[in-house]
Amino acid sequence: MKIVTWNVNSLNVRLPHVLDWLATNKPDALCLQETKQEDNKFPYEALKEAGYNAIHSGQKTYNGVAIISPHTLDDLHMGIPNFADEQKRLIAATINGVRIVCVYIPNGQAVGSDKYAYKLSWLQAFTPWLRKEISEHSKLALLGDYNIAPEDIDCHDPAAWVGQVLVSEPERDAFKALINLGLEDSFRLFEKSEGQFSWWDYRMAGFRRNLGMRIDHILITPEISKLSTTSYIDKTPRKLERPSDHTPVVLEFNN
DNA sequence: ATGGCTTATTGTATAAGA
């Protein structure tokens, strides 16, 4: 089974890239973030013609998450229960017995800002819900744009970023709290080196100079970990005309 | 030098991303 996370930064703009990527890579589950469109604009038809089912939870301008799969999507879930939130950041479904949870964790803007407080409170509410999901699904994968670089090697210049948003201690503690639910950072099961990033700023020729961050992740339960065969970041779409600033992160396992 | 680019908005400058 091949599962993928990709923040597309507007599906309206990026649909051609997504369709090309699907045709070439044939994933079993593709999780998207920042679709930036309401559900009635979501391209269900174009995906169906390409052989894919999809579920979407979106809104105008901001946020929006989707799961795309050639298989049946069961037991759909959207949003964090008992957490009042207008922002569309969580969607989940079961595919071939694997619980697929797709998240767009808040960016946080700047340490100390209202958006930063929202990010931490979102994670505070999300984590116990995920604990319950894990207790009900031994095969679970949490895919998405976490907006957290968990270790210094996941940042192109850790010295310059000390204490900043995406790497601050409370954010990394929240990431560790997810790990402490029994999850593993699947990419690091296979790739230990530095300089491995999933996002590069559009400015400053960030991609060409590899000034990036690894903030898109696939955390998995041990039941998936022991079946995993490879994980990699596919930089191909980042090299296209008008790319998203993020690029797909892939995990493959025997299921 | 705290910018640089890209997206969306009943736009023509602003907000947000990370």
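What this report covers is the structure whose coordinates are included nearby.

The subject of this paragraph is the overall build of chain A. Check the secondary structure of chain A and you find seven helices and 14 strands. Against the 2.2 N^0.38 benchmark of 18 Å for 255 residues, chain A shows a C-alpha radius of gyration of 17 Å, consistent with a compact globule. Oriented by its inertia axes, the alpha-carbon framework of chain A measures out at about 45 × 45 × 35 Å. Looking at the 255 residues of chain A, the share that counts as buried comes to 43%.

A few words on the environment of tryptophan 129. Inspection of the secondary structure assignment puts tryptophan 129 in helix H3 (residues 114-136). On the basis of neighbour count, tryptophan 129 is assigned to the partly exposed category, with 18 C-beta atoms found within 10 Å. A sequence separation of 48 residues divides tryptophan 129 from proline 81, and the C-alpha atoms of the two residues are 7.6 Å apart. Here tryptophan 129 is in contact with Ile80 and Pro81, once residues within four sequence places are set aside.

Close to DNA strand B lie 21 residues, the nearest being Ser10, Asn12, Asn107, Tyr202 and Arg203. When grouped by side-chain class, the residues that make up the surface near DNA strand B number seven nonpolar, eight polar and six charged.

With that out of the way, let us pick up H3. Here H3 is 23 residues long and its end C-alpha atoms lie 34 Å apart, about the 33 Å a rise of 1.5 Å per residue gives. Along H3, the residues classified as buried are Lys119, Trp122, Leu123, Phe126 and Leu130. Tucked into the core, H3 has its buried residues touching strand S7 (98-104), strand S8 (140-145) and helix H5 (169-179).

Attention now goes to the nonpolar core. Ranked by size, the top nonpolar core spans 63 residues in total, and within it Ile67, Ile100, Val101, Cys102 and Ala141 carry the most contacts. Considering each element in turn, this core owes the most residues, six residues, to S7. Dropping the residues within four chain positions of it, isoleucine 67 is found in contact with Ala29, Cys31, Ala54, Ile55, Leu73, Ile91, Ala93, Ile100 and Cys102.

In spatial order, the strands read S3-S4-S2-S1-S14-S13; together these six strands make up an open sheet with mixed pairing. In the strand order of this sheet, the two ends are held by strand S3 (53-57) and strand S13 (228-233), each with one partner. Between one strand axis and the next, the sheet turns by 10 degrees as a mean value, whatever way the strands run. By the bridge criterion, five bridges tie S3 to strand S4 (residues 65-69) in an arrangement that is antiparallel. Residue pairing in the sheet places histidine 56 in a bridge with alanine 66 of S4.

The strand order across the open sheet built from six strands is S5-S6-S7-S8-S12-S9, with neighbouring strands paired in mixed fashion. Where the open sheet ends on each side, the last strands, each with one partner, are strand S5 (74-78) and strand S9 (184-185). Sheet analysis places S8 next to strand S12 (residues 216-220), joined by five bridges and oriented antiparallel. Bridge pairing in S12 places leucine 143 opposite isoleucine 218.

A few words now on the environment of glycine 79. Secondary-structure assignment places glycine 79 in the loop between S5 and strand S6 (90-95). As for glycine 79 and methionine 204, which are separated by 125 residues in sequence, their C-alpha atoms are 35 Å apart. In this structure glycine 79 touches Asp85 and Leu90, once residues within four positions along its chain are discounted.

For the rest of this paragraph, the subject is helix H1 (residues 11-25). With 15 residues, H1 should reach 21 Å at 1.5 Å per residue; the first-to-last C-alpha distance of 18 Å falls well below that figure. At histidine 17, H1 is deflected by roughly 30 degrees, the largest bend along its length. For H1, the full list of buried residues reads Leu11, Arg14, His17, Val18 and Trp21. On the buried face of H1, the contacting elements are strand S2 (29-33).

Where H3 meets H5, the closest approach of the two axes is 10 Å, and the angle between their N-to-C directions is 5 degrees. Classed by the angle they form, the pair H3 and H5 counts as roughly parallel. Judged by residue contacts, Leu120, Leu123, Thr127 and Leu130 of H3 engage Pro170, Ala174, Ala177 and Leu178 from H5. Its residues placed into classes, the contact of H3 with H5 shows seven nonpolar, one polar and no charged.

About the thresholds
Residues numbered from 1 in each chain as written. Chains lettered and ligands numbered in written order. Predicted model: local features only at pLDDT ≥ 70, side-chain atom pairs only at ≥ 80, totals over all residues. Helix = DSSP H or I, 4+ residues; strand = E, 2+ residues; numbered from the N terminus. Rg over C-alpha atoms; globule rule 2.2 N^0.38 Å. Buried ≥ 20, exposed ≤ 12 C-beta atoms within 10 Å, placed from the backbone. Contact = placed C-beta atoms within 7 Å. Near = placed C-beta within 6 Å. Nonpolar A, V, L, I, M, F, W, Y, C, P; charged D, E, K, R; others polar. Expected span 1.5 Å × (residues − 1). Core = buried A, V, L, I, M, F, W, Y, C linked by C-beta atoms within 7 Å. Pairing = 2+ DSSP bridges. Axes fitted to C-alpha atoms, helices over the stretch in contact; angles between N-to-C directions. Bend = angle between axes of the 7 residues up to and from the residue. Parallel < 35°, antiparallel > 145°, perpendicular 65-115°, else oblique.

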